[in-house]
Amino acid sequence: MLKKFFILIILTFILTGCSEEEPILTVNTEGKETVIDAETIYTNQEAITFPAVVRSSGEKPVETEYKGIELSKLLKSLDIDISNYSKATFNASDGYRIILSVEEINDPLNVYLSFERDGQLLKSKKQGGKGPFQLIIRRDPFSQRWIKHVDEIIIQ
Ligand SMILES: Nc1nc2c(c(=O)[nH]1)N[C@H]1C(S)=C(S)[C@@H](COP(=O)(O)O)O[C@H]1N2
Ligand SMILES: [Mo]
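Okay, so let's go over this structure. (Residues numbered from 1 in each chain as written. Chains lettered and ligands numbered in written order. Predicted model: local features only at pLDDT ≥ 70, side-chain atom pairs only at ≥ 80, totals over all residues. Heavy atoms only, no water.)

Here the focus is the nonpolar core. Of all hydrophobic cores here, the largest spans 36 residues; its most connected members are Leu-71, Phe-90, Leu-113 and Leu-135. The element contributing the most residues to this core is strand β7 (residues 111-117), with four residues. Setting aside its immediate chain neighbours within four residues, Leu-113 contacts Leu-25, Ile-41, Gly-68, Ile-69, Leu-71, Leu-74, Phe-133, Gln-134, Leu-135 and Val-150. (Core = buried A, V, L, I, M, F, W, Y, C linked by side-chain atoms within 4.5 Å. Buried < 20%, exposed > 50% of the residue type's maximum accessible area, 1.4 Å probe, protein only. Helix = DSSP H or I, 4+ residues; strand = E, 2+ residues; numbered from the N terminus. Contact = heavy atoms within 4.5 Å.)

Here it is, written out as structure tokens:
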């Protein structure tokens, strides 16, 4: 009886330790906040796969396949019109931040919100990954602006 009780306690600890919060992304336009849940992103009709070369510091370049949604199309699918704004600030959970111009975001086949790499969902920072969402800028080959763990977009 006591043994079962201890096993239960240990299991509870393991399970709460492994449980991850559901990934979300918020988009802010003039104080109006849109919260996008993971399902909306994972099941988006505009998601495509595309090749990219990943250059991580201290490692050889690796050819990979990402799955993601072109950011301009994601915003359109959410009825967020950015045409009257000039820039977007992307914030990551580790404090990293980048700014892109609206022109750059609207530049075709360039800026993607990715959630999968080589068929695997991107892992969170806590799980040792670069996700759950990573911005991929295909025309930025050195990837400094491929912001990992992006969780907030502010349109200004
Ligand atoms: N959130 C976040 N994204 C980031 C960074 C970071 O420190 N934090 N570093 C950038 C830089 S300088 C590079 S070169 C790429 C590569 O990161 P990696 O070495 O993990 O592949 O991520 C970019 N995106
Ligand atoms: Mo870097």
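On we go.
Evaluated as defined, the whole model comprises five aromatic pairs. Pairing Phe-50 with Tyr-66 gives two aromatic rings, centres 6.2 Å apart and planes at 25°, and the pair type is stacked. Of this pair, Phe-50 sits in strand β3 (residues 48-54) while Tyr-66 sits in strand β4 (residues 62-70), and the two are 16 residues apart along the sequence. The residues Phe-50 and Tyr-66 share a single accessibility class, namely buried. (Phe/Tyr/Trp six-rings, centres within 6.5 Å; stacked < 30°, edge-to-face > 60°.)

Mapped onto the elements of the fold, Ser-72 is located in helix α3 (residues 71-77). For Ser-72, the contacting residues outside a window of four places in its chain are Ile-105 and Asn-106.

In this chain, Gly-131 is followed by Pro-132 through a cis amide linkage whose omega measures 5°. With respect to the helices, strands and loops of the structure, Pro-132 is situated in the loop between β8 (120-121) and β9 (134-137). Residues other than glycine seldom take positive phi values, yet Asp-79 does so here, at roughly 60°. Tracing the backbone shows Asp-79 in the loop between α3 and β5 (87-92). For Asp-79, a relative accessible area of 73% gives the class exposed. Unlike most non-glycine residues, Asp-118 shows phi in positive territory, near 50°. Mapped onto the secondary structure, Asp-118 falls in the loop between β7 and β8. Among the residues examined, Asp-118 registers a relative accessible area of 44% and is labelled partly exposed.

On to the site of ligand 1, then. Neighbouring ligand 1 are 13 residues; Ser-56, Asp-94, Lys-130, Trp-146 and Lys-148 lie closest to it. With respect to ligand 1, the side chain of Lys-130 contributes an N or O atom lying 2.6 Å from an oxygen atom. In the environment of ligand 1, an oxygen atom lies 2.6 Å from a nitrogen or oxygen atom belonging to the side chain of Lys-148. If ligand 1 stood free it would expose 530 Å²; the protein chains cover 74% of that surface. Counted by class, the shell around ligand 1 contains five nonpolar, five polar and three charged residues. (Near = heavy atom within 4 Å. Polar contact = N/O pair within 3.5 Å; in protein donor to acceptor, adjacent residues only side chain to side chain. Areas by Shrake-Rupley, 256 points an atom, 1.4 Å probe, with all protein chains shown as cover. Nonpolar A, V, L, I, M, F, W, Y, C, P; charged D, E, K, R; others polar.)

With that settled, consider the side chain of Thr-34. In this fold, Thr-34 is placed in strand β2 (residues 32-37). In contact with Thr-34, not counting residues within four places along its chain, are Leu-25, Thr-26, Val-27 and Ile-80.

With respect to topology, five strands assemble into an open sheet ordered β2-β1-β10-β5-β6, the strand pairing being mixed. Of all the strands in the sheet, just β2 and β6 (97-101) have a single pairing partner and so form its edges. Between one strand and the next, the sheet's axes are offset by a mean angle of 20°, whatever the strand orientation. (Pairing = 2+ DSSP bridges. Axes fitted to C-alpha atoms, helices over the stretch in contact; angles between N-to-C directions.)

Close approach of charged atoms lets side chains of opposite charge pair. This structure, assessed with the given rule, holds four salt bridges. As a salt-bridge pair, Lys-73 and Glu-70 come within 3.8 Å of each other at their nearest N and O atoms. For Lys-73, a relative accessible area of 37% translates into the label partly exposed. Classification of Glu-70 by relative accessible area gives buried; the value is 6%. (Salt bridge = Lys/Arg side-chain N within 4 Å of Asp/Glu carboxyl O.)

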